[in-house]
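Chain and residue survey
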Amino acid sequence: DDDDDDDDDVDEVQRARRLPSPLHVFRVSTFQTVRVLEDCQGHDLACLASGASPLFGGRVTGSVACYNLLFAEEDVPYGATVFKVEPPIRHEAHRRALWAALRAKNLTVVTSGHAPGHPEGKPSSPGDFSRALAGSRLGANELVLPALWTAARHEGFDLGDLAACLAAEPATLLKLAPRKGVIRVGADADFVLFDPDHEWTVDSANLVAAADKLRPPDAAAPPRTDPEPDHTRHHPAGPKLVTQSRAHAPCIYDGKVLTGKVVATVLRGRLVYRRGTFRETPLGNVVTSQGRVLRPAAAAARPKSSLRPSPLAVLF
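Here's a quick rundown of the structure.

One pass over the structure, following the stated rule, counts 4 aromatic pairs. Centroid distance Phe71 to Phe83: 5.3 Å. Interplanar angle 85 degrees. Geometry classified as edge-to-face. Here Phe71, found in the loop between α3 (66–70) and α4 (92–103), pairs with Phe83, found in the loop between α3 and α4; they are 12 residues apart in sequence, far enough to count as distant. Per residue, the accessibility class of Phe71 equals that of Phe83, and both read buried. Grouped by ring-pair contacts, the aromatic residues Phe71, Phe83 and Tyr253 constitute a single cluster. Sitting above the plane of the Trp200 ring, Lys261 keeps its charged end 4.1 Å from the centroid.

A separate point is the nonpolar core. In terms of nonpolar packing, the biggest core is built from 47 residues, with Leu69, Ile252 and Tyr253 touching the most fellow members. Those residues in contact with Leu69 that sit more than four places away from it in its chain are Val64, Arg95, Leu98, Trp99, Leu102, Val110 and Leu148.

Looking now at the packing of helix α5 (residues 144–152) against helix α6 (residues 159–173). What describes two packed helices is the angle between their axes and the distance between those same axes. Running from N to C, α5 and α6 point in directions that differ by 135 degrees, and their axes come no closer than 11 Å. On the basis of their axis angle, the class for α5 and α6 is oblique. The element α5 and its partner α6 pack so that their crossing is right-handed. Seen from α5, the contacting residues are Val144, Leu145, Leu148, Trp149 and Ala152; seen from α6, they are Leu159, Leu162, Cys165 and Leu166. Grouping the amino acids of the contact of α5 with α6 by side-chain chemistry returns 9 nonpolar, no polar and no charged.

On the surface, Ile183, Phe191 and Leu193 cluster together into a nonpolar patch covering about 300 Å² of accessible area. When you line up the elements, Ile183 lands in the loop between α6 and β4 (191–201). Using a relative accessible area of 68% as the deciding quantity, one classes Ile183 as exposed.

Now for the pattern of salt bridges. Following the criterion strictly, the structure yields 6 salt bridges and no others. A salt bridge links Arg95 to Glu92, with the shortest nitrogen-to-oxygen separation between them at 3.0 Å. You can see Arg95 and its partner Glu92 sitting in helix α4, 3 residues apart, about one turn around the helix. According to the relative accessible area criterion, Arg95 is buried, its value standing at 5%. When its relative accessible area of 24% is taken as the criterion, Glu92 is described as partly exposed.

The 4 strands are arranged β4-β5-β6-β7 in an open sheet whose pairing can be described as antiparallel. The sheet is open, and its two borders are formed by β4 and β7 (277–278), each paired with just one other strand. Contacts from α5 reach β4 and β5 (257–267) within the one sheet, and its direction differs from that of β5 by about 140 degrees.

With 12 residues, α4 should reach 16 Å at 1.5 Å per residue; the first-to-last C-alpha distance of 17 Å fits that figure. If you check which residues of α4 are buried, you get His94, Arg95, Ala97, Leu98, Trp99, Ala101 and Leu102.

With that settled, consider α5. For α5, the buried fraction is high: 9 of the 9 residues fall into the buried class. For α5, the full list of buried residues reads Val144, Leu145, Pro146, Ala147, Leu148, Trp149, Thr150, Ala151 and Ala152. Each element contacted by the buried residues of α5 is listed here: α3, α4, β3 (109–111), α6, β4 and β5.

Our next topic: unusual backbone geometry. A cis amide bond links Glu86 with the next residue in sequence, Pro87, at an omega value of 0 degrees. Summarising the element assignment, Pro87 is placed in the loop between α3 and α4. Of note in the backbone geometry, Arg268 takes a positive phi value of approximately 50 degrees without being a glycine. By secondary structure assignment, the location of Arg268 is in the loop between β5 and β6 (270–274). Judged by its relative accessible area of 25%, Arg268 falls in the partly exposed class.

Conventions we followed
- Residues numbered from 1 in each chain as written.
- Predicted model: local features only at pLDDT ≥ 70, side-chain atom pairs only at ≥ 80, totals over all residues.
- Heavy atoms only, no water.
- Phe/Tyr/Trp six-rings, centres within 6.5 Å; stacked < 30°, edge-to-face > 60°.
- Helix = DSSP H or I, 4+ residues; strand = E, 2+ residues; numbered from the N terminus.
- Buried < 20%, exposed > 50% of the residue type's maximum accessible area, 1.4 Å probe, protein only.
- Lys NZ or Arg CZ within 6 Å of the ring centre and 35° of its normal.
- Core = buried A, V, L, I, M, F, W, Y, C linked by side-chain atoms within 4.5 Å.
- Contact = heavy atoms within 4.5 Å.
- Axes fitted to C-alpha atoms, helices over the stretch in contact; angles between N-to-C directions.
- Parallel < 35°, antiparallel > 145°, perpendicular 65-115°, else oblique.
- Left-handed = near helix turned anticlockwise from the far one by under 90°.
- Nonpolar A, V, L, I, M, F, W, Y, C, P; charged D, E, K, R; others polar.
- Patch = residues over 30% accessible without salt bridge, like charges linked within 9 Å, V, L, I, M, F, W, Y side chains within 5 Å.
- Areas by Shrake-Rupley, 256 points an atom, 1.4 Å probe, with all protein chains shown as cover.
- Salt bridge = Lys/Arg side-chain N within 4 Å of Asp/Glu carboxyl O.
- Pairing = 2+ DSSP bridges.
- Expected span 1.5 Å × (residues − 1).

In structure tokens, the structure reads:
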């Protein structure tokens, strides 16, 4: 129930008022929570201006899941259980309020909202939302940049704005800045090469996640390929995603026409992905709950209890 969820969010923020520490409201999805967040930010700004101690340590932030920005309840096809996510997709008024909050920087972070799992968690029986598991299934992680860009460019945002809410602000929130989240001398060379004009249609079968989730456990992984852009096709641009509804698709973005595609990914100055081909040897490091970055060898030598991920690290 939308009203119950709103009350929970607001109650949590009100309880946090008793703690003189920074406050982050995770995955805001309603205009009621946006208003409370604005009030908290306004209170702290007023305190700083008057010289008083800010209630939340001078840092009040909020995040929003990408799909809450892109989809409205009115657009969900009947029986499309793939749209059962957490937090749920809301009415259009909530979606507009979230965009306004992101524009005003009351919300500073956009998350993928991913909850990976096998497509069988979304039963094919139309309308059976009670049996369907909540979660975006496949693709939410790998599609967050093109999906967000498809909508954000019609909301007055540029790629610099997306770099802030997808990289710089999360890095600051997780205490990884200035090493992560920016491109400058002394920081890790983490970035993507992104074609902002490439229009394409999402097919769940071609997603990277599908290679792991859809094949039988004993089957060999198929070669990962990323076809060259097809510039002979044209999809009319618009303020919302073009929907080619597949009510029981395993990916929330399946059949959607997106604008923009990641061409390559560079991690600490090394090419790890290019047009569907991945580096054979992983280069990722472990990030601890204290924001420290450990190389795999150092992480392996530490007790598992000391390597618990940050509660926020798993969200981005």
